[in-house]
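# Analysis of the macromolecular model
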Amino acid sequence: MLKKLFGVSLFTILLSGCSIVGVVDHHQQRTVANAGFERQQLALKDGGELHYWQGGDTAAPAILLLHGFGGTGMTSWYEMMRDLSHDYHVIVPDLLWFGESFSNAPATISSETLAIQQLIKHLALQKVNVVGISFGGFVSFDLMINEPKVDKAIILASPGLFFSDDDLQAMTQRFGANQPQEVFVPKDGEQVRWLLENTFVSYPWMPGFVDQQVYEYYFADFLSQKESLINTLPAYRDQLNPQQFKDSMPPTLLIWGENDKVFPIDNGRRFAEFLNAPIVVIPNGAHGLSNDFPEQITQEIRAFIQ
C-alpha cells in the first residue's frame, strides 16, 4: 500500500515538520490530478458520501478499481491509474468507511455494493469492467452477482465464496491473532507494521513514528464499521446460493500471489474452478499484488479486457 513512502525526501519532510504520510498522499493526489484525474463525491441515498477519482476518456471502456482493506483507492491503485487512463475511463472510489467515504447504512458488503451501484448509475455507465483486490474483490464478486452492467471482472487475491471458517481461523493464526478483525483492523502503528510486513513481498523499514502516522492517516477512523465489515463476511458467504448465479457470471480473470498469507493459492484455485475462469499465479507474489507488481497487473488487465 505505501511501499514507496520514501519516494519523497525524508530529510526534507522532517525539516518541514509535516506528516510524512500526508505529504506523500498529497504528492500522489497532485500527480494524478496533473494526469487529468478529478476528485469527486457522490451523495448517497442512505446518507453519507462516496468519494472517488475519475480520469481518462469517458467515451472509452470503463474500469472500476476497488481497493483492499485499509488505505484508499489511491493507495491500492496509484501506480496503475495513469497508465490505464491512456486507454480507459478509470474510476477509483474510496470504499465506504475508508478515506473520506462513509454511510449511515450498516457496515456490510451489501452496503458497499449498493454504494457502487449508485455510482455506476450516477456516471450513466452502460457497461463497466470491475477490478477488485482483497476486500475490494469481495465487493467485485457481489457486483458480479447483482449488477447486470458488469461486463468483465478481474479479481486479485480474493476468494469469493471459497473461504471457510477454518480458513479464516488458519489465517488468523498465521498472523498471530485471535480474531480476523484483529488482523485487518490494527489499533496502533506497531500492528500496522505487522500487517503490512505480512501483506507485501518486501515492505520497507520505517521509523516507528511513521508506522504510527500510517495508522492515524489510513486506519484510525471508522474502527467499529471496519470491524463489522470483517465480522459479517461469513454471514454474507453463507446466505449466497451459488446455483442461483453460477451460470450467469460475467467473464472473469483471477490473479493470485504464489505466497499469499491472507488467502493462500488453494482458495484461488477453488474459486477459479467454480467460475470456470483462468487464474494467473505470480511467482513469489504475496497479497498486495497491485503495489508489488503494478506493471504486470496492468498488462493482465489490458489483455483480458481487450
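Scroll up for the structure.
Report follows, based on the coordinates. Nothing here was measured: the structure is a model prediction, and the numbers come from that model.

### Details of the overall build of the protein
If you tally the helices and strands in the protein, you get 14 helices and nine strands. Relative to the 2.2 N^0.38 estimate, which gives 19 Å for 306 residues, the radius of gyration of the protein is 18 Å and therefore close to what a compact globule would have. Along the longest, intermediate and shortest principal axes, the C-alpha atoms of the protein span 60 × 45 × 40 Å. In the protein, which comprises 306 residues, the share counted as buried stands at 58%. Look at the contacts in the protein between residues 6 or more apart in sequence, and 70% of them connect residues 24 or more apart. For the protein, the exposed area adds up to about 12800 Å²; of that, 49% sits on carbon and sulfur atoms. Charged side chains of the protein number 20 positive and 34 negative; the gap between the two group centres comes to 4 Å.

### Here we look at the side chain of arginine 302
Position of arginine 302 relative to the elements: it lies in helix α14 (residues 294–305). At 2.6 Å, the side chain of arginine 302 forms a polar contact with the side chain of aspartate 83.

### What about the packing of helix α8 (residues 189–197) against helix α9 (residues 208–219)?
In contact at an axis separation of 7 Å, α8 and α9 are set at 90° when each is read in the N-to-C sense. In terms of orientation, α8 lies roughly perpendicular with respect to α9. Counting all contacts with α8, which are made through Gly189, Val192, Arg193, Leu195 and Leu196, the residues of α9 involved are Asp211, Gln212, Val214, Tyr215 and Phe219. Classifying every residue of the contact of α8 with α9 gives six nonpolar, two polar and two charged.

### Some words on empty space enclosed by the protein
If you walk through the whole model with that rule in mind, you get three cavities of 30 Å³ or more. Around the largest cavity sit 19 residues that line it, and Gly68, Phe69, Thr199, Phe200 and His287 are the ones nearest its centre. Those elements that provide at least two residues to the lining of the largest cavity are α3 (73–85), α8 and α13 (289–292). Partitioned by chemical class, the residues of the lining of the largest cavity number nine nonpolar, 10 polar and no charged.

### Comments concerning the packing of aromatic side chains
According to the stated counting rule, one finds 14 aromatic pairs in the structure shown. Here phenylalanine 162 and phenylalanine 271 contribute two aromatic rings whose centre-to-centre distance is 6.2 Å and whose plane-to-plane angle is 40°, an arrangement assigned as tilted. A residue pair is termed long-range when its members are at least 10 positions apart, and phenylalanine 162 in the loop between β7 (150–156) and α6 (165–174) and phenylalanine 271 in helix α12 (residues 265–275) qualify at 109 residues. Phenylalanine 271 gets classed as buried once you look at its relative accessible area, which sits at 1%. An aromatic cluster of at least three residues, connected via ring pairs, comprises Phe141, Phe162, Phe245, Phe271 and Phe274. Seen from the ring of phenylalanine 304, lysine 152 lies directly overhead, with NZ or CZ sitting 5.4 Å from the centre. Sitting over the ring of phenylalanine 163, arginine 237 keeps its end group 5.1 Å from the ring centre.

### Details of helix α5 (residues 135–146)
In this model, α5 (12 residues) spans 17 Å end to end at C-alpha, consistent with the 16 Å of a helix rising 1.5 Å per residue. Of all 12 residues in α5, 10 are buried; the element is thus mostly enclosed.

### Section: the pairing of strand β6 (residues 128–133)
Within β6, six of the six residues are buried, which leaves the element mostly enclosed by the surrounding structure. Burial along β6 is two-sided: the face carrying Val128, Val130 and Gly132 and the face carrying Asn129, Val131 and Ile133 are both buried. One ladder, built from five bridges, connects β6 with β7; its direction is parallel. From the neighbouring strand, valine 128 faces β7, where its bridge partner is valine 150. One crossover worth recording links β6 to the parallel β7 by way of α5, and it is right-handed.

### Considerations on the pattern of salt bridges
Going through the model one piece at a time under the given rule, you end up with 10 salt bridges. We note a salt bridge from arginine 270 to aspartate 167, for which the minimum N-O separation is 3.4 Å. With arginine 270 in helix α12 and aspartate 167 in helix α6, this pair connects stretches of sequence that are 103 residues apart. Through salt bridges with shared partners, a single ionic network connects Asp83, Asp87 and Arg302.

### Remarks on the layout of surface pockets
Sizing a probe to match a water molecule and rolling it over the atoms shows the empty space that remains. In this model, the largest pocket occupies a volume close to 260 Å³. Elements with a contribution of two residues or more to the lining of the largest pocket: α2 (20–34), α3 and α9. With four residues, the top contributor of residues to the lining of the largest pocket is α9. Among the residues forming the lining of the largest pocket, the class breakdown is nine nonpolar, six polar and seven charged. If you add up the space inside the second largest pocket, you get close to 170 Å³. Ala60, Pro61, Ala62, Lys127 and Val128 are, among the 13 residues lining the second largest pocket, the residues nearest its centre.

Calculation rules
Residues numbered from 1 in each chain as written. Predicted model: local features only at pLDDT ≥ 70, side-chain atom pairs only at ≥ 80, totals over all residues. Heavy atoms only, no water. Helix = DSSP H or I, 4+ residues; strand = E, 2+ residues; numbered from the N terminus. Rg over C-alpha atoms; globule rule 2.2 N^0.38 Å. Buried < 20%, exposed > 50% of the residue type's maximum accessible area, 1.4 Å probe, protein only. Contact = heavy atoms within 4.5 Å. Areas by Shrake-Rupley, 256 points an atom, 1.4 Å probe, with all protein chains shown as cover. Lys, Arg positive; Asp, Glu negative; His and termini not counted. Charge placed at Lys NZ, Arg CZ, Asp CG, Glu CD. Polar contact = N/O pair within 3.5 Å; in protein donor to acceptor, adjacent residues only side chain to side chain. Axes fitted to C-alpha atoms, helices over the stretch in contact; angles between N-to-C directions. Parallel < 35°, antiparallel > 145°, perpendicular 65-115°, else oblique. Nonpolar A, V, L, I, M, F, W, Y, C, P; charged D, E, K, R; others polar. 1 Å grid on protein atoms, 1.4 Å probe; cavity = no way out; pocket = protein on both sides within 12 Å on 5 of 7 lines; lining within 4 Å. Points joined across faces, edges and corners; volume = space filled by probe spheres on them. Phe/Tyr/Trp six-rings, centres within 6.5 Å; stacked < 30°, edge-to-face > 60°. Lys NZ or Arg CZ within 6 Å of the ring centre and 35° of its normal. Expected span 1.5 Å × (residues − 1). Pairing = 2+ DSSP bridges. Right-handed = clockwise from strand over helix to strand, strands pointing away. Salt bridge = Lys/Arg side-chain N within 4 Å of Asp/Glu carboxyl O.

Note that every value here comes from positions in space, so none of it alone points to a role or purpose.
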